[in-house]
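# Structure at a glance
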Amino acid sequence: MTNAPRPYESYVYAYPHKTAYRPLADRPALRALWADERKDALSLYLHIPFCEVRCGFCNLFTRIGAPDELTTRYLDALDRQATAVADALHAGAATGVRFAAAAFGGGTPTFLDAGELERLCDIAEKRMGADLRAVPLSVETSPSTATADRLSVLAERGATRVSIGVQSFVEEEAKAAVRPQRRSDVEAALGRIRDARIPVLNIDLIYGIDGQTPESWRLSLDAALAWRPEELYLYPLYARPLTPLGRRAHPSEAGWDAQRLDLYRRGRDHLLARGYEQVSMRMFRRSGAPREGADDYACQTDGMIGLGCGARSYTSDLHYSFDYAVGMREIRSIIDAYTTTEDFSRAEVGRAVDADETRRRHLLQSLLQAEGMAVEGYRERFGSRPADDFPAELDRFAGLGWLDTDAGPDLLRLSPTGLAYSDALGPALFSPAVRAAMAAYEAK
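### Notes on the overall build of the protein chain
- Counting its secondary structure elements, the protein chain contains 16 helices and 17 strands.
- Relative to its length of 444 residues, the protein chain is compact, with a C-alpha radius of gyration of 21 Å against a globular reference of 22 Å.
- Taking the principal axes of the C-alpha coordinates as reference, the protein chain spans close to 55 × 55 × 45 Å.
- Counting all 444 residues of the protein chain, 57% fall into the buried class.
- Taking the intrachain contacts of the protein chain between residues at least 6 apart in sequence as the baseline, contacts between residues at least 24 apart amount to 78%.
- Carbon and sulfur atoms make up 50% of the accessible area of the protein chain, which totals about 18600 Å².
- Charged side chains in the protein chain number 55 positive and 63 negative. The centres of these two groups are separated by 2 Å.

Laid out in structure tokens, this is it:
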């Protein structure tokens with residue numbers, strides 16, 4: 001693979017990235033934005049921007065702690081926002097509004113206590129109309145907040161999946177990632193999750209930590225496998241700007257890339273040999289485990305309703321959210337502004353998504369899945385073929401060995417090498433306009 005790009009440019013979990021968003025001069029009304037959108041298979045996301053500690057690698061929109069009843073004020077604002085959004089969705093709706101999936105993320109949603117989690121579920125159900133017991137509901141947690149009372153609330157209210165960020169079972173590695181924790185506490189939390197009988201347990205692990213070796217990586221993998229999790233996510237470590245690790249010296253790019261790529265392959269092979277199937281570069285599912293995605297929701301095509309100051313929403317032609325930051329001072333300021341907001345009827349920050357961007361998003365989010373993308377499905381939606389719309393990109397991917405040559409003409413699917421290079425392939429599909437906007441963004 002001569003002149004191959006670096007394998008770890010950036011993790012593409014949504015497109016366009018929030019750093020390409022800008023304040024919307026016209027502040028469009030939500031009623032107008034959603035008036036002509038399909039609303040029969042929406043996804044609902046509630047964002048809780050609080051954590052007990054800030055991990056060294058984390059660039060998520062979250063703050064440490066919540067003094068002076070901040071969680072109460074935040075939930076009050078979330079309730080006001082939900083009321084405004086529900087009003088916009090139902091205004092003049094010819095068909096019913098229905099949610100096909102729900103998720104609580106952050107931050108750490110289980111930073112909220114049991115009573116506050118009950119209120120969060122009430123906001124989703126009573127304000128938004130989501131039937132949490134009838135749709136997949138995924139909730140993120142951490143070892144220190146996965147307490148029995150919180151998990152009991154989640155199980156009773158319909159949670160079907162709990163994802164816990166362990167990152168490493170080796171205490172020295174956790175400390176190196178600025179996530180100090182004791183393995184005994186992690187194991188205890190996993191035991192409580194299993195006791196709650198929530199159908200799907202996901203464990204997050206990270207590779208590329210300073211001092212991590214193939215042997216210690218395998219130790220973490222085997223410690224996770226001992227719990228027979230339905231899902232495992234393997235994340236490469238990134239040292240992002242304005243994070244604790246981003247301020248430290250880190251290994252040379254070439255040496256670190258080689259280490260992470262080696263550990264990725266070892267982890268992948270270890271899981272495949274133990275009955276897991278690869279769903280994407282990061283995600284592995286135990287054979288026979290339930291699939292927690294909604295049957296009629298597709299992230300490439302359908303609408304997202306995000307509530308909370310770190311959440312994003314998207315219609316067919318506009319992605320929008322609130323202001324975005326990584327630095328703690330800016331995050332605190334944005335959260336404080338959110339909690340005092342009374343009028344949530346308009347979109348404040350976002351980015352228009354035109355026909356070209358919609359095609360890019362569909363191709364990107366489909367191609368990064370191990371099962372690949374049916375060419376006919378793309379043609380049915382857009383009236384063209386991927387090779388017609390992105391000839392240069394797909395030719396380059398083929399030349400790099402990233403496409404599976406055995407997939408046949410009707411399926412675009414990544415090769416094992418292509419999956420390994422997902423964090424280079426994804427950014428390669430960004431449009432010039434989005435790249436320029438992201439480059440012009442001033443980190444704060």
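The structure having been displayed, the exposition proceeds.
### A look at the side chain of S163
- Its location among the elements puts S163 in strand β7 (residues 161–167).
- The exposure class assigned to S163 is buried, which follows from its relative accessible area of 6%.
- Contact partners of S163, with chain neighbours within four places excluded, come to V139, E140, T141, N202 and D204.

### Quick look at the environment of A20
- Following the sequence through the fold, A20 ends up in the segment before β1 (22–23).
- Residues A20 and R435 lie 415 residues apart in sequence; the distance between their C-alpha atoms is 7.8 Å.

### So, the packing of aromatic side chains
- Counted by the stated rule, this structure contains 17 aromatic pairs.
- An aromatic cluster is defined as three or more aromatic residues linked by ring pairs; in this entry it consists of F50, Y74, F111, F322, Y338 and F344.
- When the ring centre of Y11 is taken as origin, the NZ or CZ atom of R282, which lies over that ring, is 3.7 Å away.
- We note R361 situated over the ring of Y314; from NZ or CZ to the ring centre the distance is 4.3 Å.

### Some remarks on the nonpolar core
- Counting residues in each nonpolar core, the largest one holds 113 residues, and the members touching the most others are L44, M128, L205 and I305.
- With 11 residues, the top contributor of residues to this core is helix α2 (residues 70–90).
- When near neighbours in sequence (up to four residues on either side) are disregarded, I305 contacts W34, L42, S43, L44, Y45, V85, L89, F99, M128, R312 and S313.
- Counting nine residues, the second-largest nonpolar core is a separate cluster that includes A177, I209, L237 and W256.

### Section: helix α11 (residues 375–382)
- Residues V375, Y378 and F382 constitute the buried set of α11. What you see down the axis of α11 is that its buried residues fit within an arc of 65°, all on one side.
- Packing partners of the buried residues in α11 comprise α10 (355–367), β16 (373–374), α12 (386–389) and β17 (411–412).
- G383, located one to two residues past α11, shows a positive phi value of around 75°.

### Things to note about the pairing of strand β12 (residues 304–307)
- Residues M304 and G306 of β12 are buried on one face, and the alternating residues I305 and L307, pointing to the opposite face, are buried as well.
- Across four bridges, strand β2 (residues 42–48) lies against β12 in parallel orientation. Looking at the pairing, S43 lines up with M304 of β12.

### Overview of the packing of α10 against α11
- Interaxial distance between α10 and α11 falls to 12 Å at its minimum, and their mutual angle equals 160°. One element, α10, and the other, α11, form an angle in the roughly antiparallel class. The way α10 lies across α11 gives a crossing that is right-handed. Seen from α10, the contacting residues are T358, R359 and H362; seen from α11, they are Y378, R381 and F382.
- Partitioning the contact of α10 with α11 into residue classes produces two nonpolar, two polar and two charged.

### Let's talk about the pairing of strand β11 (residues 283–286)
- Every second residue of β11 is oriented toward a common face, with M283 and R285 on one face and F284 and R286 on the other, all of them buried.
- When strand β9 (residues 231–236) meets β11, the two strands line up antiparallel, connected through three bridges. Residue pairing in the sheet places Y233 in a bridge with M283 of β11.
- Pairing geometry for strand β10 (residues 276–278) and β11, over three bridges, is antiparallel. Within the sheet, the bridge partner assigned to E277 lies in β11 and is R285.
- Two successive antiparallel strands, β10 and β11, enclose a turn made up of four residues.

### Digging into the side chain of S216
- When you line up the elements, S216 lands in helix α7 (residues 214–225).
- You can call S216 buried: its relative accessible area is 13%.
- Discounting chain neighbours no more than four positions away, the residues touching S216 are V170 and E173.

### As for the state of the cysteines
- Inspection of the entire model under this criterion finds zero disulfides.
- With no disulfide of its own, C121 lies 18 Å from the sulfur of C51, the closest cysteine sulfur.
- Just so you know, C309 is unpaired, no disulfide at all, and the nearest cysteine sulfur is the one on C51, 12 Å from it.

### Re the pattern of salt bridges
- Tallied over the entire structure, the rule returns 31 salt bridges.
- Residue D40 is joined to R38 by a salt bridge in which the shortest nitrogen-to-oxygen separation is 2.7 Å.
- Classification of D40 by relative accessible area gives partly exposed; the value is 33%.
- A salt bridge links D356 to R360, with the nearest nitrogen and oxygen atoms 3.0 Å apart. Placement of both D356 and R360 in helix α10 is noted, with a separation of four residues, approximately one turn of the helix.
- Overlapping salt bridges bring together E118, D122, E125, K126, R133, E156 and R157 as one network.

Criteria and cut-off values
Residues numbered from 1 in each chain as written. Predicted model: local features only at pLDDT ≥ 70, side-chain atom pairs only at ≥ 80, totals over all residues. Heavy atoms only, no water. Helix = DSSP H or I, 4+ residues; strand = E, 2+ residues; numbered from the N terminus. Rg over C-alpha atoms; globule rule 2.2 N^0.38 Å. Buried < 20%, exposed > 50% of the residue type's maximum accessible area, 1.4 Å probe, protein only. Contact = heavy atoms within 4.5 Å. Areas by Shrake-Rupley, 256 points an atom, 1.4 Å probe, with all protein chains shown as cover. Lys, Arg positive; Asp, Glu negative; His and termini not counted. Charge placed at Lys NZ, Arg CZ, Asp CG, Glu CD. Phe/Tyr/Trp six-rings, centres within 6.5 Å; stacked < 30°, edge-to-face > 60°. Lys NZ or Arg CZ within 6 Å of the ring centre and 35° of its normal. Core = buried A, V, L, I, M, F, W, Y, C linked by side-chain atoms within 4.5 Å. Arc of directions from axis to C-beta. Pairing = 2+ DSSP bridges. Axes fitted to C-alpha atoms, helices over the stretch in contact; angles between N-to-C directions. Parallel < 35°, antiparallel > 145°, perpendicular 65-115°, else oblique. Left-handed = near helix turned anticlockwise from the far one by under 90°. Nonpolar A, V, L, I, M, F, W, Y, C, P; charged D, E, K, R; others polar. Disulfide = S-S within 2.5 Å. Salt bridge = Lys/Arg side-chain N within 4 Å of Asp/Glu carboxyl O.

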